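# Secondary and tertiary structure notes
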Amino acid sequence: MKETAAMNRFRAAVLDIDHTLTTEDSISLVNRELGVDTEEFFNLGRSALSGRVSARASQHLMREMWERSGRATHAHLTTLFESVPLRPDAAAFVADLQQRGMPVCLITSSANLFAAVTAARLGLTEHYANLQLSFDHEGRLTDLTANLDAAGLKEQQLLAFCDRHQVAPHEILAVGDGDNDKGLFAVTGNGVLMANDSNAHLAPSAWRSATTLREVTELLASLNSFPDERHRTGGPVPATS
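The notes below deal with the structure included here. Computed from a prediction, not measured in an experiment: that's the story for all the values here.

## Quick word on the overall build of the protein chain
Secondary structure assignment for the protein chain yields 9 helices and 7 strands. For the protein chain, with 241 residues in total, the buried portion stands at 48%. At a minimum sequence separation of 6, the contacts of the protein chain that also span at least 24 residues come to 61%. Here the protein chain has roughly 11000 Å² of accessible surface; of this, 53% comes from carbon and sulfur atoms.

## Topic: the packing of helix H2 (residues 38–50) against helix H3 (residues 55–67)
Between H2 and H3, the least distance of the axes is 8 Å, while the angle of their chain directions is 170 degrees. What the angle tells us is that H2 and H3 run roughly antiparallel. Here Glu40, Phe41, Leu44, Gly45 and Ala48 of H2 come into contact with H3, specifically with Ala55, Ser58, Leu61, Met62, Met65 and Trp66.

## Re the sheet that holds strand S5 (residues 172–176)
Pairing is mixed across the open sheet formed by 7 strands, whose spatial order is S4-S3-S2-S1-S5-S6-S7. Both edges of this open sheet fall to strand S4 (141–145) and strand S7 (208–210), since each of them pairs with a single strand only. The sheet shows a mean angle of 25 degrees between the axes of neighbouring strands, taken without regard to direction. Of the strand pairs in this sheet, S5 and strand S6 (residues 191–194) are connected by 3 bridges, and their pairing is parallel. Each bridged residue has a counterpart across the sheet, and for Val175 the counterpart in S6 is Val192. Across the sheet, helix H9 (residues 213–223) lies against S5, S6 and S7, angled at about 155 degrees from S6, the strand it touches most.

## Re the pairing of strand S2 (residues 104–111)
Summarising burial for S2: 7 of the 8 residues are buried, a large majority. Pairing between strand S1 (residues 12–15) and S2: 3 bridges, direction parallel. The residue of S2 that forms the bridge with Val14 is Cys105. Alignment of S2 against strand S3 (residues 126–135), held across 5 bridges, turns out to be parallel. Within S3, the position partnered with Leu106 by the bridge is His127.

## Some words on the packing of helix H4 (residues 74–82) against helix H6 (residues 112–121)
When two helices pack together, their arrangement is given by the angle between the helix axes and by the axis-to-axis distance. Contact geometry of H4 with H6 gives a least axis separation of 9 Å together with a crossing angle of 55 degrees. As far as their axial angle goes, H6 and H4 are oblique. The crossing of H4 and H6 is right-handed. Seen from H4, the contacting residues are His74, Leu77, Thr78, Phe81 and Glu82; seen from H6, they are Leu113, Phe114, Val117 and Arg121. A per-class count over the contact of H4 with H6 returns 5 nonpolar, 2 polar and 2 charged.

## A short note on helix H7 (residues 150–165)
When the terminal C-alpha atoms of H7 are compared, their 23 Å separation across 16 residues agrees well with the 22 Å that a helix rising 1.5 Å per residue should span. All of the buried residues along H7 are Ala150, Gly152, Leu153, Lys154, Gln157, Leu158, Phe161 and Cys162. Of the surrounding elements, those touching the buried residues of H7 are S1, S2, S3, S5 and helix H8 (182–188). Trailing H7 by a residue or two, Gln166 shows a phi angle of about 55 degrees, which is positive.

## Focus on H6
Leu113, Phe114, Ala115, Val117, Thr118 and Ala119 are the residues of H6 that are buried. Downstream of H6 by a residue or two, Gly123 has a phi angle that is positive, lying close to 75 degrees.

## Points about the state of the cysteines
Here the structure, examined in full by the defined rule, presents 0 disulfides. Left unpaired, Cys105 is separated from the closest cysteine sulfur, that of Cys162, by 9.6 Å. For Cys162, a relative accessible area of 3% gives the class buried.

## A closer look at the nonpolar core
Within the largest apolar cluster, 51 residues are counted, with the highest numbers of intra-cluster contacts made by Leu15, Trp66, Leu133 and Leu173. Apart from residues no more than four positions distant in its own chain, Trp66 is found in contact with Ile27, Val30, Asn31, Leu34, Val36, Phe41, Ala72, Leu77, Leu133, Leu141 and Leu144. If you look at the next biggest cluster of nonpolar residues, it comprises 16 residues, including Val14, Ile107, Tyr128 and Leu202.

The rules we used
- Residues numbered from 1 in each chain as written.
- Predicted model: local features only at pLDDT ≥ 70, side-chain atom pairs only at ≥ 80, totals over all residues.
- Heavy atoms only, no water.
- Helix = DSSP H or I, 4+ residues; strand = E, 2+ residues; numbered from the N terminus.
- Buried < 20%, exposed > 50% of the residue type's maximum accessible area, 1.4 Å probe, protein only.
- Contact = heavy atoms within 4.5 Å.
- Areas by Shrake-Rupley, 256 points an atom, 1.4 Å probe, with all protein chains shown as cover.
- Axes fitted to C-alpha atoms, helices over the stretch in contact; angles between N-to-C directions.
- Parallel < 35°, antiparallel > 145°, perpendicular 65-115°, else oblique.
- Pairing = 2+ DSSP bridges.
- Left-handed = near helix turned anticlockwise from the far one by under 90°.
- Nonpolar A, V, L, I, M, F, W, Y, C, P; charged D, E, K, R; others polar.
- Expected span 1.5 Å × (residues − 1).
- Disulfide = S-S within 2.5 Å.
- Core = buried A, V, L, I, M, F, W, Y, C linked by side-chain atoms within 4.5 Å.

From the geometry alone we can't say anything about function, so treat these as descriptive.
In structure tokens form, the structure reads like this:
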């Protein structure tokens, strides 16, 4: 029998994509396939954040780096984004959330095209992104823009999702892995950190930590047997039988 949102501890979910639902970073993969130096590419963003160059200047240079490959087209970038490997349990995790009657939204600091492609792969329709790619009528990349406050933008997008579905932030499950997900964790109070070797410093900001999406699915199942007061230990997902 299909569960309803009312039967669950959460009424909706927002999910980061890179290294949360995938095993590889989307922009790094695109850079590799286009022959672009990833460190140089991201250094342009860091220069904008530090104020050494303007955001528009850095983003113009990023676009030029992709354009020089001669393959920065809507069709080719779509193919590359479709090739970003999903975690083996990603599809089952999203399907479980949907079975529980929970609206699910992807919120990524990566590209709008990547968000749309990943949503389609997982059977989702709602997604937000930071990096905005624009193309002309022949599918050639014409612009690349991004908000320097990636974390703040994610919070705004979360609140827009809440408004659309008439749910409160504390009713949202937020799953992510990066520094720009700390705001999602703080606003909802329900952050699940997809832990890895480089993000242990984020554990205190999260409600729970997990290493697989299956563990998060098991957490949702286990909450049905918990008392009303959720066990907010900030620790790893509890083992289930």
